[in-house]
Amino acid sequence: MNLFRHRPGGLPARLPALVLLCAAVGCSSADDSASAAVPRPTAKTVKLCRNLDEALPSKVDGRSRRDPEPASALTAGWGDPAIILRCGVERPPKMVDPKVAQGQDADAVAGGVNGVDWLMEKRGGGGYRFTTAGRLAYVEVTVPEGTDSSGVLIDLASAIKKAVPEGIAD
């Protein structure tokens, strides 16, 4: 018996159905990597973000680095569920909200950790989003529910201070 001979209705005839099935159910790779939208900052900010990418630690809050898809020097990730960093994001609207500065917003708080100032916002699905303040680029870190966010910010502070100087972001 020749296993390589062409049979009517074999794989070539079924290939379009397989492609449609993958499109319908969302075939994915086996590693189930997290995903993150890649920011589109100015060229000046991209340079700062690339410097940050090189300075980032291999572990954050005890979790190993596992970058999200699509691969970019503007994004990084650690663990599963993932802690996601995105560099070069837009300024969050709450950063200029006077209610936050006055401590009158229950879902957003300003504060600092190890020399890096942050805006902390509760996320609708749980967890928090932190965005740097007073730096030449906005760096956003999303922390899943149940994660020690102070440990995350402590682990990232050194790299941010080294790569993203203080100042007002464009």
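Residues numbered from 1 in each chain as written. Predicted model: local features only at pLDDT ≥ 70, side-chain atom pairs only at ≥ 80, totals over all residues. Heavy atoms only, no water.

We now examine the packing of helix 2 (residues 43–55) against helix 4 (residues 149–163). Between helix 2 and helix 4, whose axes approach to 9 Å, the crossing angle comes to 140°. As for the relative orientation of helix 2 and helix 4, their crossing is right-handed in sense. Facing helix 2, whose interface residues are L48, N51, L52 and A55, helix 4 presents A159, I160, K162 and A163. Residue classes in the contact of helix 2 with helix 4 are distributed as six nonpolar, one polar and one charged. (Axes fitted to C-alpha atoms, helices over the stretch in contact; angles between N-to-C directions. Helix = DSSP H or I, 4+ residues; strand = E, 2+ residues; numbered from the N terminus. Left-handed = near helix turned anticlockwise from the far one by under 90°. Contact = heavy atoms within 4.5 Å. Nonpolar A, V, L, I, M, F, W, Y, C, P; charged D, E, K, R; others polar.)

This paragraph deals with the environment of L119. Tracing the backbone shows L119 in strand 6 (residues 116–122). Owing to a relative accessible area of 3%, L119 belongs among the buried residues under this scheme. Distance in space between the C-alpha atoms of L119 and A133 is 6.8 Å, their sequence separation being 14 residues. When sequence neighbours within four positions are dropped, the list of residues in contact with L119 reads P92, K94, M95, V100, A108, V109, R129, F130 and T131. (Buried < 20%, exposed > 50% of the residue type's maximum accessible area, 1.4 Å probe, protein only.)

Between its first and last C-alpha atoms helix 2 spans 19 Å; for 13 residues at 1.5 Å apiece the expected length is 18 Å, and the two agree. For helix 2, the full list of buried residues reads T45, V46, L48, C49 and L52. Along the long axis of helix 2, the arc covered by the buried residues comes to 160°, so they all point the same way. The outward face of helix 2, more than 90 degrees from its buried face, is lined by the exposed residues A43, K47 and E54. The inward-facing, buried residues of helix 2 abut strand 4 (83–87), strand 8 (139–143) and helix 4. (Expected span 1.5 Å × (residues − 1). Arc of directions from axis to C-beta.)

Bringing the pattern of salt bridges into the picture now. For the coordinates displayed, the defined rule picks out six salt bridges. A salt bridge links D53 to R65, with the shortest nitrogen-to-oxygen separation between them at 2.5 Å. Residue D53 is located in helix 2, and its partner R65 is located in the loop between strand 2 (63–64) and strand 3 (75–78); the two are separated by twelve residues in the primary sequence. Of the charged contacts, one joins R129 and E121 as a salt bridge, the two residues approaching to 2.9 Å between their closest N and O atoms. By relative accessible area, E121 is classed as buried at 7%. Put simply, R86, E121, R129 and E140 are held in one network by salt bridges that share partners. (Salt bridge = Lys/Arg side-chain N within 4 Å of Asp/Glu carboxyl O.)

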